[in-house]
Structures are given as structure tokens and as C-alpha cells.
Amino acid sequence: MLDIKFIRENLKVVKDSAIAKGFDISFLDDLVACDEERRSLIAQIDKLNSEKKNNTDREKGKEIKDSLKEKEERFREVLDKFEKLMLRVPNPSALDVKIGTEADNEIVKTWGTIPAFDFKIRDHVEIGELTDSIDIERGTKVAQSGFYYLKNGGALLELALVNYAMKKLVSKGFVPVITPNVAKEKSVVGCGYQARSDKERQIYHIEGEDLDLIGTAEITLMGMHSDEVLNGSELPIKYAGFSYCYRTEAGSYGKDVRGILRVHEFRKTEMVVICKPEESDIWHEKLREIEEEIWQELEIPYQVIKMASGDLGSAAARKYDIEAWMPSQNKYREVTSTSVTTDFQTRRLNIRAKINNETVYPHALNGTVFSGRPIIAIMENYQREDGSFEVPAVLRDFVGKDIIEIKK
RNA sequence: GGAGGGGUGCCGGAGCGGUUAACGGAACGGUUUGCUAAACCGUGGCUCUCUAAUCGGAGCCCAUGGGUUCGAAUCCCAUCCCCUCCGCCA
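Here goes a summary of the coordinates provided. Note on numbering: residues in each chain are counted from 1, in written sequence order. Whichever chain is written first becomes A and whichever ligand is written first becomes 1, with later ones labelled in order. Totals for whole chains, interfaces and linings use every residue, but because this is a predicted model, local features are given only for residues with pLDDT of at least 70 and side-chain atom pairs only at 80 or more, for both listing and counting. Neither water nor hydrogens contribute to the side-chain values; these are computed over all heavy atoms in the structure.

**As for the side chain of E292**
What counts is decided by this rule: Helix and strand assignments follow DSSP, with helices taken as H or I runs no shorter than four residues and strands as E runs no shorter than two, numbered in order from the N terminus. The buried label goes to any residue with under 20% of its type's maximum accessible area, the exposed label to any with over 50%, and the partly exposed label to all in between, with areas taken from a 1.4 Å probe on protein chains only. Whether two residues touch is decided by their heavy atoms; if any such pair falls within 4.5 Å, the residues are in contact.
With respect to the element layout, E292 can be found in helix α10 (residues 280-298). A residue is classified by how much of its surface remains accessible, and E292, at 4% relative accessible area, is buried. Excluding its chain neighbours within four sequence positions, the residues that come into contact with E292 are K109, Y302, V304 and I322.

What follows is the structure, encoded as C-alpha cells:
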């Protein structure tokens, strides 16, 4: 959410930046008109309240009450519309972000050497079957397409990744958090995710409850501090959250149907940072560096993508994705993402901070540490001729094995 | 599931029908000061308005939404949440 004063005074900027993100801006003029009526009604209601306060006459009092009721009813309607429109205004992209579409995304860094195999390589589905690490078929039988079992090496590997990631982040001063896997709509919308009323919603809703299954721990981690006033000395707040994540993947039917790249349920370790406004750009680079450090330690080739404006979504002002090398696809695929949302989410969630006696909206950032996808990259990049795969050196102590052998 | 108690500012906590958020603490700013500490002074949040900005002016906010009243934090109703005890389950 943006400051309405900023929108009012910089309408052209807001419009241009919304266009750059690929948003329809026809509602913005509506918003401005709505804001005008809202303010006019506030002035009228304030005046009536002032009269009410200073009045002791019975008849006059009743009269004031009637017109107050009328104005307040109208005000409620206008406010409701105003708030809905406000939630639709996207966060402008940062100044250093390229204006353009997905095609303008920029590779800002490439790291590692693409492995050369002297045998016919397998994809993670085959390796998962041969090592009895991933059972997609039974996941589908018991749950639905898009759910899967991790077994044996697969299960150990995932737990190892979580432990490794948590250990690293704790050493960097992050607070480890295991969050609920559901959240009320308030936190979901507060983070800029679609409301449940939207048809193409990306998240599952629990019927009969004000609860959604979260698509990322960002929702529960950010929601933790909604409606709070933080003390400036508490900042930056750094969380390493672990949660299950649920995504409907509506609108992506037919994409990545093979394997576990795109699934309805996975586990993710997510960083969230809430910091002073002037420090958010530095933190964004730090989060990217942490993500890179992990892929370097795993010794898996990757590239860093800086997203162009059109690929940012509503909340992000800047976003970097890390794409890891996936041998079976012969290309890099997204495995992490880090965004700075400036004060967009903190406004929506009403997270404030008192800094030098001034109440401000702090800035918020998020970044993936691990999700289910790294398992794919590890299996494929570390595969051996017989279908087994090596465990990356940094994970061996956590897994307790050097090699995940095939099941005979 | 049953019975009771309670939701007031950053925190604790008073007020229980008459315009005003008592009081205490924390934090921050200021004064004083070799330094630190102490002491003293100042500062609730939100919105609208004025302003280049500050200052100023006005209104709102006592869990949420209604109601009663000339007037509601205070009385009534509904809803949500928290706590204690009992029961049930583990």
C-alpha cells in the first residue's frame, strides 16, 4: 500500500510505475475521486461532531444525530471502496530497476562450471525412483497430483538442507522460527497476496474459516508484527522461518508437469528482514549474498537474475532470482527469490517503528533460503552413472551419508 | 463442553454517565555535566486541515460492531480474543 498523500501529489509517477509493472491503471482516477469524497465527508463529520459536543439542547441534539448518521453511512461506503482501491495500487519499482517485461530480465552474475557428464544423464524423477527417494505416484494416489513423498535419501537430504540452512542463518544473527502453516486473510492480503475472492487465487482457502494455507512463511513472519509499534532499537529484525507452503498453481497447468519442480505443497526456509528505511537497499544485497553463498557452498552452478519492472509483482520494488543449473533441462531454473518491498507491506500490515521519537513504516525484505527445488538440483548435478548421487560436501554431516545409493 | 474474570497508549495501570487518556515505567529528544550515571524538562496514536516544511487548528481512538442518551471508555445487546477453574482428550 502506498501513502494516499504520495499518490495524490505524484499521480503521474504512480501511474507510470504501475504501467511499467504491467498493471491496469484505469482505477487510479477512480481512487482519486473517491479520496476527494472521503476527505470532504471527514470534514463534514468532524464539524457535526464538534457541534454535538458543544450542544446541550435536546431537539438540536437529535437533529445533529440524524445528519451524522446519514453522513457516516455514506462515509462507510466511500471508505470501503477507497480501501479496496488502495490495495490495488502496486509498489513502484526501485530506480535502478529496468523498465520492461520478463524479456528484459537481466543476468547480473553467473557462477560455477556447468558439469560435463560422460554418460547419459537422468532427470530427478528417474534418480528419485532408482534411489527410492521420491515417490510421486503414491503421492498422487493418496493426495492428488502435485503432492509427493520424500523417502530415504530424499527425506534425509531435505532435513539436512533445513538444518544446514538454519545453522548458517543463526550464525548470521537470524532468529529461527517455525511458523503456523495457515494464516488469516489479513496477513495474506497484508503481504500483497491475492484475496481469496479472486478467481485465479494462488493459495488454498479453508472453507468455513478465516484461514488460508500459506504460500510462503513470509506471510506468517510478516504477520507476526502486524499492528505493532516496534522500537527502533529492535531493528533490524531478522527471521529465518520454516514452514510448509501451499500453492494452487492456478493458471500454470501444463507447465513443468514432470517431477517435483512445480507442486502444490513443499517446505521452505525463508528469510524475512524488517529494517530502517534507509537500510533496505543494503539488506537486499545482503540477502542476495546469503543466497549465493549457499549455492556456492553446494557447488552448484547458478545465475542471478535482476527482474525488470514487469516481472516484479505488486509488492516488490526490486527482485533478484537465483536460477540453479538443472542438467536434465539443460538450463537454469528458479530456486530462490529475494525482494525488497520497501514500506508497501508494513503499511498494509500496520507495522510501525519508533525511531528517534518519530513513528515510521520500516522497510521489509524477504528471500528464499531453501524450498523443495534444491533437491532437484542436487540430485541432477551430483548424479552418477548408475543413477545414484553424491551428497554435497557441506551436507554430509547432516545427511550422515556421502552417497545416496540406488535400491537394488 | 460448563462456570467465572478480563481486553484502555510502547508497557503496566486508574477511571465505571458530564467536554480533558490520572499515575507509574520504558524509549527517544533536550538541559546540566571532564566522561558515564543521576537530576530536571519535553514527547500517546490516527485522520482531516493549514504550511515548502515546521508551528498551528479541528475531529477521532479505551477489543470490534450496533443500541440507549442532549452527552458513553463508563449503561445495554451482539461478536471476537485472552486468562482462571472444572470436564473431556492425550
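So that's the structure; there's more coming.
**Considering the protein's contact with RNA strand B**
For the record, the criterion: Only heavy atoms are used to decide nearness, and a residue is near a molecule or strand if one of them lies within 4 Å of it. Any pair of N or O atoms that falls within 3.5 Å is considered a polar contact. Within protein, one atom must be able to donate a hydrogen and the other to accept it, and sequence-neighbouring residues count only if both atoms are side-chain atoms. When residue character is reported, Ala, Val, Leu, Ile, Met, Phe, Trp, Tyr, Cys and Pro are called nonpolar, Asp, Glu, Lys and Arg charged, and the others, Gly included, polar.
Taken together, 25 residues lie around RNA strand B, and R38, R39, D46, R58 and R76 are the ones closest in. Here, RNA strand B places atoms within 4 Å of the protein, and 86% of those atoms are sugar or phosphate. One nitrogen or oxygen atom from the side chain of K69 is found 3.2 Å from a phosphate oxygen belonging to RNA strand B. When contributions to the surface near RNA strand B are tallied by element, the ones reaching two or more residues are α1 (4-9), α3 (27-53), α4 (58-86), β8 (229-231) and β14 (352-355). Counting residues per element, the surface near RNA strand B draws most heavily on α3, which supplies seven residues. Of the residues contributing to the surface near RNA strand B, the split by class is two nonpolar, nine polar and 14 charged.

**Digging into the packing of helix α7 (residues 152-171) against helix α12 (residues 373-381)**
In helix packing, the relevant descriptors are the interaxial angle and the interaxial distance, both defined with respect to the helix axes. To keep things clear, this is the line we draw: Angular values range over 0 to 180 degrees, each being the angle between N-to-C directions of two axes fitted as lines to C-alpha atoms, with helices fitted over their stretch in contact. Should the near helix be turned counterclockwise from the far one by less than a right angle, the crossing is left-handed, whereas a clockwise turn marks it as right-handed.
α12 packs onto α7 with a crossing angle of 115 degrees between their chain directions and a minimal axis gap of 10 Å. Crossing hand, α7 versus α12: right-handed. On α12, the residues touching G154, L157, E158 and L161 of α7 are P374, I375 and I378. Per-class residue counts for the contact of α7 with α12 are five nonpolar, one polar and one charged.

**A word on the sheet that holds strand β1 (residues 106-111)**
What counts here: For two strands to be treated as a pair, DSSP must find at least two bridges joining them.
Ordered by their spatial adjacency, eight strands build an open sheet running β1-β11-β12-β13-β16-β10-β9-β4, and the pairing between neighbours is mixed. Two strands close off the open sheet at either side, each with one partner strand: β1 and β4 (175-178). Recorded for the sheet is a direction-independent mean angle of 25 degrees between the axes of neighbouring strands. When strand β13 (residues 331-340) meets strand β16 (residues 363-370), the two strands line up antiparallel, connected through three bridges.

**A look at the nonpolar core**
Note the cut-off: Take the buried residues of types Ala, Val, Leu, Ile, Met, Phe, Trp, Tyr and Cys, join any two whose side-chain atoms come within 4.5 Å, and each joined set is a nonpolar core.
Membership of the largest hydrophobic core comes to 59 residues, with the highest contact counts inside it found for F174, W295, I378 and L395. Considering every element that reaches this core, the biggest residue donor is α7, with eight residues. W295 has contacts with W111, I300, Y302, I322, A324, V335, T336, P374 and A377, leaving out every residue within four places of it along the chain.

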